[in-house]
Amino acid sequence: MGVLMSKKQQVEKVQKCNAVVSAFQAGIKERPAPPKTADGELKEGHGVAESSATLDQKNAMDAKEEETDNNAGPSTSTSARDDCKVNQKSWSRLRDGKGVEPEDLDKSHQLTPPAFVRPKRDADDDQPVEVELLKKEQSPNDEICDVCEVWTADDLYPCRICTRMFHDGCLRELGYLREEALQEMKDTAHTVTGWSCYYCDNLNLLLTEEEMYSLMESFKQCKIIPESCLVSDELLQYRHFASKQQFDKDLTDEQEEEVLGQFAALDPEKKGQIDWSDFLYFESLMVLRKFRSENSMLRLLTAKERNNARTVFLGLDLDEDGVITRADCRQAQQCWFHKLNKDLQSCNVSISHVGPMCENSPSSSCSERSKSDESRPVTWADFLKESAIYLLAARPNSSAMHIRVPL
């Protein structure tokens, strides 16, 4: 597995070598030329004496220069030799594809956790977005690690959402992933299921500063303690408060049942509580639904996510007329959470056999919906806009379902 120096390191090494060569050339230019006689003729009586004096003066100057070179030379030449050795090793790693592991490199100055900058909405954020159905978008992964900016042949793990690549050692040094999360990354990053990097996994990073401020104020007023787990009663209390704030009324019995159903979806392991990150991601999606239009959420999708939606739609559009039914659309929206089913290898293979994800899933209530709604046509543009929120909700690596497909 080969390792290349980053471009910054290569430039620094070349600059050092150039500095050494320039210093050596300057020393040669500054060396004085041997003395010459004015007319080229020496008197016989003084010729031997002047020649002897000139020779002694030259020897003294040479000795002085040699002493100066001996004092300054070793460090300069040693530095030049070391730099050349480093460059030779780097080029050798480039040729033979072998080198040290990323963990062994001295990257302490490069492993500073990045400062997350919240996005800002553009003026045309709510304007329609045209995405072609039959034109697949190119989204090649980066060639170097996003943390250390070093390339290795086999040890880079791709994100299934964006184009970033990572070394497991760099993520361990950053402290973003625990050992079990690192092992999950190694097991899934190169599979169909895939793995989301710490940027894409955190849905809260999609919120602007204003949206995050609104969410934090709601947490404070409802006395939600950050980084703590929540039980079902606490989630119900918070949703009652949010309903009062937004609609000035309490939740109905049906809405309470919906909240409890969402709690079950956020607690797939039946622990009786939901993790803080899952609760935060769920509430972040609620904020997006509240403040963003479908066009705005569509702009948040990456090329990989749009390609995923494109593949699923084409798999459902059997007659190739660019239209599917409402039933197909809801079936596809379940598919975004295929990571919950460990036996399901691909969401576009045998999509008609995707089963219900929970007791209140669309598949378990098909008989309750009218056939007219089931057969209502849905175009590619409408399908993509309606599915954007579900594609975003499927980003986290957690097995929790952060949004439920509507009944």
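The structure contained in this document is the topic of the report that follows. By convention here, each chain's residues receive numbers from 1 onward along its written sequence. For a predicted model such as this one, the threshold for reporting local features is a pLDDT of at least 70, and the threshold for listing and counting side-chain atom pairs is 80 or more; totals across whole chains, interfaces and linings nevertheless cover every residue. Calculation of side-chain values draws on the structure's entire complement of heavy atoms; hydrogens and water are dropped beforehand.

Looking now at the overall build of the protein chain. Within the protein chain, the regular secondary structure consists of 14 helices and four strands. A 1.4 Å probe rolled over the protein chains alone gives each residue an accessible area, and that area as a share of the maximum for its type sets the label: buried under 20%, exposed over 50%, partly exposed in between. In the protein chain, which comprises 407 residues, the proportion classed as buried is 37%. Total accessible area on the protein chain is roughly 24,400 Å²; 51% of this is exposed by carbon and sulfur atoms. Helix and strand assignments come from DSSP, with helices taken as H or I runs of at least 4 residues and strands as E runs of at least 2, each series counted from the N terminus. Residue burial considers only the protein chains on display, and all accessible areas are found by Shrake-Rupley using a 1.4 Å probe.

Let's shift gears to the pattern of salt bridges. Here, a salt bridge means any side-chain nitrogen of Lys or Arg that lies within 4 Å of a carboxyl oxygen of Asp or Glu. Under the defined criterion, the tally for this structure stands at twelve salt bridges. Arg292 is the salt-bridge partner of Glu211, the closest N and O atoms lying 2.7 Å from each other. Taken as a pair, Glu211 in helix H6 (residues 209-221) and Arg292 in the loop between helix H9 (276-291) and helix H10 (294-298) lie far apart in primary sequence, 81 residues in all. Here Arg292 falls in the buried class, since its relative accessible area comes to 8%. What emerges from the salt-bridge pattern is a single network uniting Asp168, Arg172, Glu179 and Lys186.

Grouping buried Ala, Val, Leu, Ile, Met, Phe, Trp, Tyr and Cys residues that are joined through side-chain atoms within 4.5 Å yields what is termed a nonpolar core. Counting residues in each nonpolar core, the largest one holds 53 residues, and the members touching the most others are Phe279 and Phe383. Taken together, the elements giving at least two residues each to this core come down to H6, helix H7 (232-247), helix H8 (253-266), H9, H10, helix H11 (303-316), helix H12 (326-335) and helix H14 (380-393). Contacts: residue pairs with any heavy atoms within 4.5 Å of one another. Ignoring sequence-local partners within four residues, the contact set of Phe279 consists of Phe219, Ile224, Leu230, Leu235, Tyr238 and Ile274. Core analysis: the next-biggest nonpolar cluster, separate from the first, contains 22 residues, Val150, Met165, Leu182 and Cys197 among them.

To continue, consider the packing of aromatic side chains. Two numbers describe a pair of aromatic rings. These are the distance of the centres and the angle of the planes. A pair of aromatic rings is counted whenever rings of Phe, Tyr or Trp (Trp by its six-membered ring) have centres within 6.5 Å, and the orientation is called stacked for planes under 30 degrees apart, edge-to-face for over 60 and tilted otherwise. According to the stated counting rule, one finds eleven aromatic pairs in the structure shown. Considering the side-chain rings of Tyr238 and Phe279, the 5.6 Å spacing of their centres and the 80° angle between planes classify their relative orientation as edge-to-face. Note that Tyr238 is positioned in helix H7 and Phe279 in helix H9, a separation of 41 residues in sequence. On the basis of relative accessibility, which here comes to 2%, the residue Tyr238 falls in the buried class. Phe279 sits in the buried class, given a relative accessible area of 0%. Here Phe313 and Trp380 contribute two aromatic rings whose centre-to-centre distance is 5.4 Å and whose plane-to-plane angle is 65°, an arrangement assigned as edge-to-face.

It is worth spelling out a negative patch on the surface at this point. Together, Asp142, Glu143, Asp146 and Glu149 give the surface a local cluster of negative charge. Examined against the element boundaries, Glu143 turns out to sit in the loop between helix H2 (44-96) and strand S1 (156-158). Given a relative accessible area of 65%, Glu143 falls into the exposed group. Residues qualify for a patch when their relative accessible area is over 30% and they have no salt bridge, like charges being joined within 9 Å and the nonpolar side chains of Val, Leu, Ile, Met, Phe, Trp and Tyr within 5 Å. By the counting rule applied here, Lys and Arg register as positive and Asp and Glu as negative, while His and the ends of each chain are not counted. Just so you know, the charge point we use is NZ for Lys, CZ for Arg, CG for Asp and CD for Glu.

What follows is about unusual backbone geometry. One non-glycine residue, Lys223, adopts positive backbone phi at about 60°. Along the polypeptide, Lys223 turns up in the loop between H6 and H7. Exposure remark for Lys223: the relative accessible area of 72% places this residue in the exposed category. A positive phi angle, near 55°, is found at Lys270, a position not held by glycine. Topologically, Lys270 is positioned in the loop between H8 and H9.

Compared with the 22 Å implied by 1.5 Å per residue over 16 residues, the 22 Å span of H9 between its first and last C-alpha is a close match. Every buried residue belonging to H9 is among Trp276, Asp278, Phe279, Leu280, Tyr281, Phe282, Glu283, Ser284, Leu285, Val287 and Leu288, and all of these are buried. Elements that come into contact with the buried residues of H9 comprise helix H5 (198-201), H6, H7, H8, H10 and H14. Multiplying 1.5 Å by the helix residue count minus one yields the expected span of that helix.

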